[in-house]
Amino acid sequence: IAVEGCCHGKLDAIYDRIQQLERQNRYQVDLVLICGDFQAMRTQADLSTMACPPKYLEMGDFSKYYTGEKVAPIPTLIIGGNHEASNHLWELYHGGFLAPNMYYLGAAGVVQFNGIRIAGLSGIYKDRDYEIGHYEKLPYDRSSMRSIYHVRQYDVQRTLQLSPVDICLSHDWPQSIERHGDYDDLMRRMPRFRHDAEAGKLGSPPLLEILKKVRPSRWFSGHMHVKFEATVKHEGETKFLALDQCLPNRDYLEIMDFPTRPNNDPPKFTFDTEWLGVVRATHQYFSRTKQQQSLPQDNVLKSLIEENIRWVKENVGESKDITEVQAFTATSPGPDPAFRGNDYPQPISYTNPQTVAFCEMLGIPNKIN
């Protein structure tokens, strides 16, 4: 497994580096994990939905993979960060292929790859937007362009219903994770972290809650543009690794072996039965306004989820190949070579057939469009 920190649209450099390491070390990478700031811009209009200073607005490499000019050489699993083509990611709120061989986990999600359970939560934490619903709609204003990538309690509460997973991906770091590694070395390398760390405000409180409850074996993050390792002890332990952004001479990539059950089938993405049960059980509480209803008490919710897991097993089946339901479909034109200037118009809203298919599979209404 190759783990990459912040992508910032530099897919060619990431895949080239992985292939170089494969040749040097005579191994084969089966899966790439990208921890946010992926920047899935299909067309210049998508740039208008990314919140960042104008000097950083650039198309990057993704559109070549979207149009088919290039194909990801390795299956790639992606979460969102705080610098994204938010309109494109919203089309696939429940998860889906951004391009062939590139699967986005959605705002929150779990999939399996060759039996490895991988959970992810997109975006970053901001307390002022944490308890509201997913109200944002195109065209975005200055406020909604930022709030759309802020993590919501609704998605955290759903993730907290999971039994332990193998890997968890986040863009933010879990709160106080810096205390579980070489704190002094991190502060020496990143002195600007010290104020927040000493105030207990470095990282995301909801991610700490998820770490304690879901207890993944490994946790990978980006966002802070520094490599950092930590180990959290609980019933077992979680090994944490944060990585830098993709730039020369930076620690943005780590390749590791991960144990799987023996399986002669080619590795592939499959749906996670428990997560599908969680999605189906909680969908009635999914809000498209600022008012967000809380999920039921744990005992009620647990029973509801168990009932929906049974429904999934009977009506969807277990370990279902994702490509049987969600096939990549281009919804937007590729980049316009005649486009000049940087006053990008906001795009229109597209209905993604993968989201339609996902909702039909679970028998839930499509609230995304």
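All values derive from a computational prediction rather than experimental measurement. (Residues numbered from 1 in each chain as written. Predicted model: local features only at pLDDT ≥ 70, side-chain atom pairs only at ≥ 80, totals over all residues. Heavy atoms only, no water.)

Asker: Describe the nonpolar core, with residues and values.
Answerer: Membership of the largest hydrophobic core comes to 88 residues, with the highest contact counts inside it found for Leu-33 and Trp-173. Apart from the residues lying within four places of it in its own chain, the contact partners of Leu-33 are Ile-1, Ala-2, Val-3, Glu-4, Leu-77, Ile-118, Ile-167, Leu-169 and Phe-220. Among the nonpolar cores identified, the runner-up in size contains 27 residues, and Cys-7, Leu-11, Tyr-66 and Leu-89 belong to it. (Core = buried A, V, L, I, M, F, W, Y, C linked by side-chain atoms within 4.5 Å. Buried < 20%, exposed > 50% of the residue type's maximum accessible area, 1.4 Å probe, protein only. Contact = heavy atoms within 4.5 Å.)

Asker: Could you give an account of the environment of Gln-44, with specific residues and numbers?
Answerer: Within the secondary structure, Gln-44 sits in helix 2 (residues 44-47). Accessibility expressed as a relative area gives 11% for Gln-44, which makes it buried. Separated by 260 residues in sequence, Gln-44 and Leu-304 place their C-alpha atoms 43 Å apart. If near-sequence neighbours (up to four positions away) are discounted, Gln-44 is found in contact with Met-59, Pro-335, Asp-336, Phe-339 and Tyr-344. (Helix = DSSP H or I, 4+ residues; strand = E, 2+ residues; numbered from the N terminus.)

Asker: Lay out the pattern of salt bridges with the relevant residues and their values.
Answerer: Evaluated as defined, the whole model comprises 19 salt bridges. A salt bridge links Lys-64 to Asp-12, with the nearest nitrogen and oxygen atoms 2.6 Å apart. Remark: Asp-12 occurs in helix 1 (residues 11-25) and Lys-64 occurs in helix 3 (residues 62-66); sequence separation between them is 52 residues. By relative accessible area, Asp-12 is classed as buried at 15%. Note that Arg-158 is salt-bridged to Asp-155, the shortest N-O span being 2.8 Å. (Salt bridge = Lys/Arg side-chain N within 4 Å of Asp/Glu carboxyl O.)

Asker: Describe the packing of aromatic side chains, with residues and values.
Answerer: Summed over the entire model, instances satisfying the criterion amount to 15 aromatic pairs. The interplanar angle of 55° and the centroid separation of 5.3 Å between the aromatic rings of Trp-90 and Tyr-93 together place this pair among those described as tilted. The burial state of Trp-90 is the same as that of Tyr-93; both residues are buried. For the pair Phe-271 and Phe-358, a centre-to-centre distance of 6.1 Å together with 55° between the ring planes defines the contact as tilted. Here Phe-271 is found in strand 13 (residues 269-271), whereas its partner Phe-358 is found in helix 12 (residues 353-362), with 87 residues between them in sequence. Take Phe-271 and Phe-358: they sit in the same class, and that class is buried. Three or more aromatic residues link up through ring pairs in this structure, and these residues are Phe-38, Phe-62, Tyr-66 and Phe-328. In this arrangement the basic side chain of Arg-179 is found over the ring face of Tyr-183, its NZ or CZ atom lying 4.0 Å from the centre. (Phe/Tyr/Trp six-rings, centres within 6.5 Å; stacked < 30°, edge-to-face > 60°. Lys NZ or Arg CZ within 6 Å of the ring centre and 35° of its normal.)

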